[in-house]
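Observations on chain architecture
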Amino acid sequence: MDSKKELLRNVLSESILGFQFWSLFTGLFPMVWFYPLNQLDITGYEVLLGVLLVPIFCENDMILSAIKSRTGLGVLRVISLASVASFQAPTTFIRLLTISVGTAASILVLIATLSSNSLEQRFMTLWGLLFGYFATLVGRIWYISLFPTWADLFSNNLALTFGAIATIDRLLLGTYLDDLKKDKASIESLEPRSNWFFAGIGFGSFLYVLTAVYGDVSVVCRWVGQGYPNNGPDPNPWGSGILHAVFVGIVISMKFQQLPYNILWWSFGCCGLFALYFLPTYIGFAGGIILAIYLMSIGPALIDEVFLHPPGRSVTVAMATFMLEILFSIWTIAYNFVPGGVYTREHTGVILLVISITWFISLCWHGDSVNFLAKIRTKIDLNDGQKLLTVLIFLLTVGLTGFVYRLQPAVYEHKVEKVLKRQITTLIWTFHFGFDNEGWPSLERAAKLLNESGADVITLLESDASKPYLGNNDLGMWLGEKLKMYVDFGPSTKDHTWGNLILSKYPIVYSVHHLLPSPHGELAPAISATVNVSGVLINLVTSHMGNDRDNLDRQLQAEYLSNLTARSHNPVILLAYVTSAPGSRDYQKFLSKGRLKDIDDTDRDRWCEYIMYRGLIRLGYARISHGGLSDTELQLAKFEIPDFESKDWVDNDAIEIDPSKVPNDQKFNSRFGTFRNGHNWARTHQFHASTPKYFLPLKKANTDNDDNL
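On a predicted model such as this, the values are computed, not experimentally measured, just so you know.

Taken in spatial order, the eight strands make up an open sheet running S3-S4-S2-S1-S12-S11-S14-S13, and their pairing is mixed. Each edge of the sheet is formed by a strand with only one pairing partner; in this case those strands are strand S3 (486–489) and strand S13 (654–656). Across the sheet, the mean angle separating the axes of adjacent strands is 15° when strand polarity is ignored. Here strand S11 (residues 617–624) pairs with strand S12 (residues 634–640) via seven bridges, running antiparallel. Looking across to S12, one finds that Arg623 is bridged to Gln635. Against the sheet, helix H19 (residues 443–453) engages strand S1 (423–430), strand S2 (457–461) and S12, with an angle of about 150° to S1. Helix H20 (residues 475–483) contacts S2, S3 and strand S4 (500–504) of the sheet and is inclined by roughly 10° relative to S4.

A contiguous nonpolar patch, built from Phe154, Leu158, Phe162 and Ile165 and spanning about 420 Å² of accessible area, is present on the exposed surface. Summarising the element assignment, Phe162 is placed in helix H6 (residues 153–173).

Applying the stated rule across the entire model yields 25 salt bridges. The salt bridge involving Asp653 is made with Lys597; its shortest N-O contact spans 3.2 Å. Pair noted here: Asp653 is in the loop between S12 and S13 and Lys597 is in strand S9 (residues 597–598), with a separation of 56 residues, a long-range link. A relative accessible area of 31% places Lys597 in the partly exposed class.

This part is about the packing of aromatic side chains. Within the structure shown, the criterion is met by 36 aromatic pairs. Between the aromatic rings of Trp33 and Tyr469, the centroid separation amounts to 5.3 Å while the plane-to-plane angle is 65°, which identifies the pairing as edge-to-face. Placement of Trp33 in helix H1 (residues 4–39) and of Tyr469 in the loop between S2 and H20 is noted, with a sequence separation of 436 residues between them. Accessibility expressed as a relative area gives 2% for Tyr469, which makes it buried. Summarising the aromatic geometry, the rings of Phe87 and Trp440 are spaced 6.3 Å apart at their centres and angled 90° between planes, so their arrangement reads as edge-to-face. A residue pair is termed long-range when its members are at least 10 positions apart, and Phe87 in the loop between helix H3 (70–83) and helix H4 (92–114) and Trp440 in the loop between S1 and H19 qualify at 353 residues.

Two residues of an α-helix separated by three or four positions point the same way, owing to the 3.6 residues in each turn. When the terminal C-alpha atoms of helix H15 (residues 348–363) are compared, their 23 Å separation across 16 residues agrees well with the 22 Å that a helix rising 1.5 Å per residue should span. For H15, the complete set of buried residues consists of Thr348, Ile351, Leu352, Ile355, Ser356, Thr358, Trp359, Ile361, Ser362 and Leu363. In this structure, the buried residues of H15 make contact with helix H8 (196–212), helix H11 (263–278), helix H12 (281–307) and helix H13 (311–333).

The UniProt record annotates "domain: PGAP2IP C-terminal nuclease-like" (unreviewed entry) at residues 422–653. Taken end to end, residues 422–653 is 19% helix and 33% strand, and its first and last C-alpha atoms sit 19 Å apart.

The side-chain alternation of S3 yields two buried faces, one formed by Tyr486 and Asp488 and the other by Val487 and Phe489. In terms of strand pairing, S3 meets S4 through four bridges, oriented antiparallel. Residue pairing for S4: Asp488 is matched across the bridge by Ile502.

Of all residues except glycine, most have a negative phi; of all peptide bonds, most are trans. Residue Tyr228 is joined to Pro229 through a cis peptide bond whose omega torsion reads 5°. Here the residue pair Gly490 and Pro491 is connected by a cis peptide bond, since its omega of -10° sits within 30 degrees of zero. Backbone geometry places Ser534, a non-glycine residue, at a positive phi of 45°. Here Ser534 shows up in the loop between strand S6 (525–533) and strand S7 (536–544).

Two numbers describe a pair of packed helices, the interaxial angle and the distance between the axes. Between H8 and H13, the least distance of the axes is 7 Å, while the angle of their chain directions is 40°. Comparing the axis directions of H8 and H13 gives the class oblique. Both H8 and H13 take part in a crossing whose hand is right-handed. Contact residues: H8 offers Trp196, Phe197, Gly200, Ile201, Phe203, Gly204, Ser205, Leu207, Tyr208 and Thr211, while H13 offers Arg313, Ser314, Val317, Ala318, Met319, Thr321, Phe322, Glu325, Ile326 and Ser329. In terms of residue class, the contact of H8 with H13 is made up of eleven nonpolar, seven polar and two charged.

Thresholds, definitions, all that
- Residues numbered from 1 in each chain as written.
- Predicted model: local features only at pLDDT ≥ 70, side-chain atom pairs only at ≥ 80, totals over all residues.
- Heavy atoms only, no water.
- Pairing = 2+ DSSP bridges.
- Helix = DSSP H or I, 4+ residues; strand = E, 2+ residues; numbered from the N terminus.
- Axes fitted to C-alpha atoms, helices over the stretch in contact; angles between N-to-C directions.
- Contact = heavy atoms within 4.5 Å.
- Patch = residues over 30% accessible without salt bridge, like charges linked within 9 Å, V, L, I, M, F, W, Y side chains within 5 Å.
- Areas by Shrake-Rupley, 256 points an atom, 1.4 Å probe, with all protein chains shown as cover.
- Salt bridge = Lys/Arg side-chain N within 4 Å of Asp/Glu carboxyl O.
- Buried < 20%, exposed > 50% of the residue type's maximum accessible area, 1.4 Å probe, protein only.
- Phe/Tyr/Trp six-rings, centres within 6.5 Å; stacked < 30°, edge-to-face > 60°.
- Expected span 1.5 Å × (residues − 1).
- UniProt positions renumbered as here; feature names shortened; annotations may be inferred.
- Parallel < 35°, antiparallel > 145°, perpendicular 65-115°, else oblique.
- Left-handed = near helix turned anticlockwise from the far one by under 90°.
- Nonpolar A, V, L, I, M, F, W, Y, C, P; charged D, E, K, R; others polar.

Pasting the structure below:
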């Protein structure tokens, strides 16, 4: 390289293009997954994952030569850039098709550059890929776990702008042509350590762990989280530990190129892998730190092994391995809806065992050989390595600054006047993983809706989007910071459920995460928590029970949850997705054995969401239409905390639908309209289904009626 300026130009351009690659590569699965998620069945769109196997065409020498040519590579770069604009497509189906084409093109670009005859081109592409990945982690910190490219229109345009600059720069440069002839002889003299198949499965497993566990720095915290007060590391600030570990791993890969081939180092990585999966809270988090260091330290070596073979076969095996491991991880959770699910149910440990074996075979099974990166060291000045490290340190600093900027004291109390009235408003919503009914991100709109609802405690079901095929988004952290609420996320991501979380304006003093009995259907999650409402402890139980076709599951789950509420010595509120009609067996179980009262037993037009309670005075009940943000409405219940020293307090039993007869502090937000019969199917958020209803003391209601005579 001629100068520091030239090096920085190349590093920046390749890192931006690396960032663009990860945008497309990780953005494909959530788009494909949306369709079976909506229909709870295999839809056929899954076939688009086949674009990951596009490297197989590179087995043809003519095709491989074409994509490595200046013109072919340029066309592929432009296609990759254009597909970033898929976020602005008129429909999600067009977006899916566009991002699929872009992902295929970006993989071919990777093949063309990493199998180039120029050592310098390979070098810059490799580090651009790793630095681009590190930049995605940094960007997600500032975007509170969202991928910047897909967060909003402004950010998408920003990604397009920087991508265009980097693409034009590479088009003008063409490739590192000066060294092609002499580099070709050097590359051809290198011998790979393993055969093409073993190299491919090792790299594929690397890609899987990178996206499944380290797609965002918050994911490890969600893998090891438990209930309060010993809930384990919060994503902010503990996610900074993951960022540091990734940084250390990359630096190790730059300084110690032979370390990945050491069997003791492999054992070190395996300890981290299995500690993360089997151990809770901070011990499991330490395993995540170890695994991050190990993973990033072996990344360049695995890339080296893959691209010393004909990429048509080795990269195809890598992508097939990655795809199969992703699909297997889906099968471990969605086993109730997919063929062969009975054999994959909750078997994430099997994937991890296979991954550890693939890394051993790829890196440790064969004898010593000259490493590709070591060969590059004879070409790249050692000072250039320091300059690369400077860029990495800069990215680390930007990421840590993001944590500091976001870190705020977690004190989210009510205004004094509302606390003195001893009221609490609860809400339940099936959140649909932060995607609306058309597949577009819905977080900003959802946060606005939840804020306007006035809820003090919010329970969100289907809310674990930290999985790679749901975008690695930490919805609890994002909403908690936006709404200034405490968060209880559970059960953990590794527990094979679709997620459950509680957001509370009041401190959460204790909670337990439950996996409900599920002998036939999907594993059902639940949280039982205690919140401190201005000195009064109130218990909350929230759950997503099994599907209506799994009769035994629902029977056992209703029994389990009823036992939880029956044992509560504090006032208790159940917010649950019951999948049964009012008056059904499970409904009656909650009333009888659970010793609960329905917020509105006159509402017979319900199926899934229910709010029940004991030890409180009901004030109001409302149902708000989802407006296309989810497939399920929002339900709210407002309660008054009674004076427990008074032995003669009674619940409100008179139903009132005229808001003029209701105290102002008891009313729901009028932004959602007034009482409405029937369902609102429009794309607006309105009261519907014969709500809102307010509850008054019988004496007051009778007095009001007498006044109207």
